[in-house]
Amino acid sequence: MIHLGDNISSYITTHFGTDYLKNYLEFINSGHNTYLRFSSKLSRDKILERLSGYNVQLEPVKNVANAFIITGGQSVAGKTLDFILGAYYIQSLSSMIPALVLNPAPGDKVLDLCAAPGSKTTQLADMMGNRGTLIANEISLERLKSLVFNIDKMNLVNVGVLQGKGELLSKIYQNYFDKILVDAPCSALGILQKKNEVSGWWNEKKASGLAEIQFKLLLSAIKSCKVGGEILYSTCTLALEENELVLDKILKKYPVELLDIELPVKSREAFTYYKDQTLDKSISKARRIVPWEIGSEGFFVAKLRKIGEIEKSSEIINRKKNSFVNSRNLQIRKLLDLLCEYFGIESKHFEQYKFLIKNGDIYFADEGLEIENPEIFIRVGSKLGLIDKKQFIQLHTLAAQTFGINFTRNVVEFNDIKDLEIYLNGGTIKREFGTTGQKIVKWDNMIIGTASLSKDGLKSQFPRALRTQEIIIK
């Protein structure tokens with residue numbers, strides 16, 4: 001049982017009432033629901049069929065596309081091969097709401113200011129059809145690793161990853177983005193059932209300290225956004241200091257307005273008062289998601305539009321043209337021609353991408369991804385492969401999963417589950433598979449990755465990062 005600290009109990013009673021506190025206690029000590037979100041680019045029917053084979057039972061969430069509640073087999077859902085390969089993402093229902101309300105399109109320039117671990121980044125990219133420009137920023141190196149891992153797992157090619165202080169990003173990007181998500185770090189009172197350690201340290205002073213950071217992040221987003229652009233501010237906390245009071249402070253000083261929003265789940269109006277203080281009345285347009293009313297986490301969601309210019313900073317860092325080239329570039333063309341010949345794929349399948357060669361590696365990204373100053377990015381797009389001494393591309397697993405469905409040569413399809421298990425564990429399958437060289441590996445009509453065939457057998461090239469997870473095969 002989760003013990004609720006006196007500071008939290010007193011705060012909830014003061015601002016929300018005794019009934020709210022009672023419901024809150026019951027919720028954080030009950031078993032919470034598990035949800036998942038399907039990738040929109042894959043066949044839902046086939047995934048549902050395979051999940052049924054694992055005895056994973058799902059029910060669709062009303063009004064939320066591609067979202068399901070897991071009603072059976074929760075312990076297995078995060079261990080299937082489909083999950084490992086990014087067919088779906090396990091994410092709370094409340095966490096899906098901010099991206100849905102921001103509603104980006106492929107042609108938008110989008111920023112996820114506080115992106116790790118990547119739940120909302122991957123959702124935004126999926127809503128954009130894996131096209132256009134999405135920049136994902138994260139300050140924490142440790143959390144950055146999980147962000148890149150999830151971007152890779154979902155096989156995204158329209159994302160550039162930055163590591164930097166979100167408060168300072170407007171020095172690089174001013175009046176640039178069409179849409180920005182600020183899912184700010186917070187005191188987590190909405191997800192106490194998952195982070196019960198919060199109960200031991202939470203107090204109003206610390207909430208107010210976090211509010212200062214949240215204000216700076218939201219201000220940076222406003223400066224980075226185009227006039228007419230939209231900003232989605234969200235937290236997973238109940239505290240008014242981190243929600244309504246941040247908005248009130250912003251509305252008093254900067255040219256933004258709150259927009260009416262309609263959530264696909266039940267929600268309540270935000271508060272327009274705090275103790276003896278009256279807040280901007282438009283804050284009622286923001287919404288509070290109450291955990292027990294939807295069976296998910298507590299969230300705060302507000303959508304703002306920038307309606308005027310802010311004086312530009314004199315410290316703005318100039319952006320440089322990017323180093324990406326299209327598939328018609330002479331060097332890229334030669335590399336791709338060899339790849340097309342070897343795997344039996346038409347060159348037209350590479351035409352909607354652009355390419356970057358860096359330290360012997362070659363990366364590919366959607367042609368609509370606009371990245372300037374590529375040297376400041378941790379990662380841009382996805383890895384196509386390694387250029388070997390013979391100027392041939394040794395294909396990366398991520399590229400195989402993107403293009404492999406169109407390959408007609410040098411493809412190996414496993415029929416024996418023992419072969420698949422050896423492959424997923426990074427081993428070598430010691431039997432004949434044809435001529436030596438790199439191969440594309442398939443199972444149940446899924447592209448799994450790549451392997452290298454030599455006289456010693458078929459050596460797995462399945463990524464080590466994916467091998468660390470338990471994978472159940474059925």
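For the structure, check the block above.
Conventions used here
- Residues numbered from 1 in each chain as written.
- Predicted model: local features only at pLDDT ≥ 70, side-chain atom pairs only at ≥ 80, totals over all residues.
- Heavy atoms only, no water.
- Axes fitted to C-alpha atoms, helices over the stretch in contact; angles between N-to-C directions.
- Helix = DSSP H or I, 4+ residues; strand = E, 2+ residues; numbered from the N terminus.
- Left-handed = near helix turned anticlockwise from the far one by under 90°.
- Contact = heavy atoms within 4.5 Å.
- Pairing = 2+ DSSP bridges.
- Phe/Tyr/Trp six-rings, centres within 6.5 Å; stacked < 30°, edge-to-face > 60°.
- Buried < 20%, exposed > 50% of the residue type's maximum accessible area, 1.4 Å probe, protein only.
- Lys NZ or Arg CZ within 6 Å of the ring centre and 35° of its normal.
- Core = buried A, V, L, I, M, F, W, Y, C linked by side-chain atoms within 4.5 Å.
- Arc of directions from axis to C-beta.

1. A word on the packing of helix α6 (residues 93-102) against helix α7 (residues 119-127)
Here's step 1: Where α6 contacts α7, the two axes come as close as 9 Å, and the packing angle between them is 35°. For the pair α6 and α7, the crossing hand works out as right-handed. Contacts from Ser95, Met96, Pro98, Ala99, Leu100 and Leu102 in α6 reach Ser119, Lys120, Gln123, Leu124 and Met127 in α7.

2. A few points about the sheet that holds strand β4 (residues 88-90)
Here's step 1: Spatially, β2-β3-β1-β4 is the arrangement adopted by the four strands of the open sheet, whose pairing is antiparallel. Since the sheet does not close on itself, it has two edges, and those belong to β2 (57-60) and β4, each with one partner. Ignoring which end each strand starts from, the neighbouring axes of this sheet average 35° apart.
Here's step 2: Here four bridges tie β2 to strand β3 (residues 67-72), and the two strands are oriented antiparallel to one another. Looking across to β3, one finds that Gln57 is bridged to Gly72.

3. Focus on the packing of aromatic side chains
Aromatic rings in a pair are described by how distant their centres are and how their planes are angled relative to each other.
Here's step 1: Taken as a whole and judged by the stated rule, the model has 22 aromatic pairs.
Here's step 2: Centroid distance Tyr20 to Trp292: 4.7 Å. Interplanar angle 75°. Geometry classified as edge-to-face. Remark: Trp292 occurs in helix α12 (residues 291-294) and Tyr20 occurs in helix α2 (residues 18-28); sequence separation between them is 272 residues.
Here's step 3: Residue class for Tyr20 comes out buried when judged on its relative accessible area of 7%.
Here's step 4: Since its relative accessible area comes to 23%, Trp292 is described here as partly exposed.
Here's step 5: An aromatic cluster is defined as three or more aromatic residues linked by ring pairs; in this entry it consists of Phe16, Tyr20, Phe271, Tyr273 and Trp292.
Here's step 6: Residue placement shows Lys153 over the ring face of Phe83; its charged tip is 3.7 Å from the ring centre.
Here's step 7: Here the guanidinium or amino end of Lys354 rests over the ring plane of Phe324, the centre of that ring lying 5.7 Å away.

4. Things to note about the nonpolar core
Here's step 1: Within the largest apolar cluster, 107 residues are counted, with the highest numbers of intra-cluster contacts made by Tyr24, Tyr173, Val182, Leu218, Tyr233 and Leu247.
Here's step 2: The dominant element in this core, judged by the number of residues it contributes, is helix α10 (residues 204-224), at eight residues.
Here's step 3: In terms of nonpolar packing, the next biggest core, distinct from the first, is built from 35 residues, Phe68, Val76, Phe433 and Val441 among them.

5. What about helix α1 (residues 6-16)?
Here's step 1: Here α1 has its buried residues at Ile8, Ser9, Tyr11, Ile12, His15 and Phe16. Down the axis of α1, the sector holding all buried residues measures 165°, keeping them to one side. Those residues of α1 that are exposed and aimed more than 90 degrees away from the buried face are Asp6 and Thr14.
Here's step 2: On its buried face, α1 is in contact with α2, α9 (198-201), α10, β12 (273-274) and β14 (287-289).

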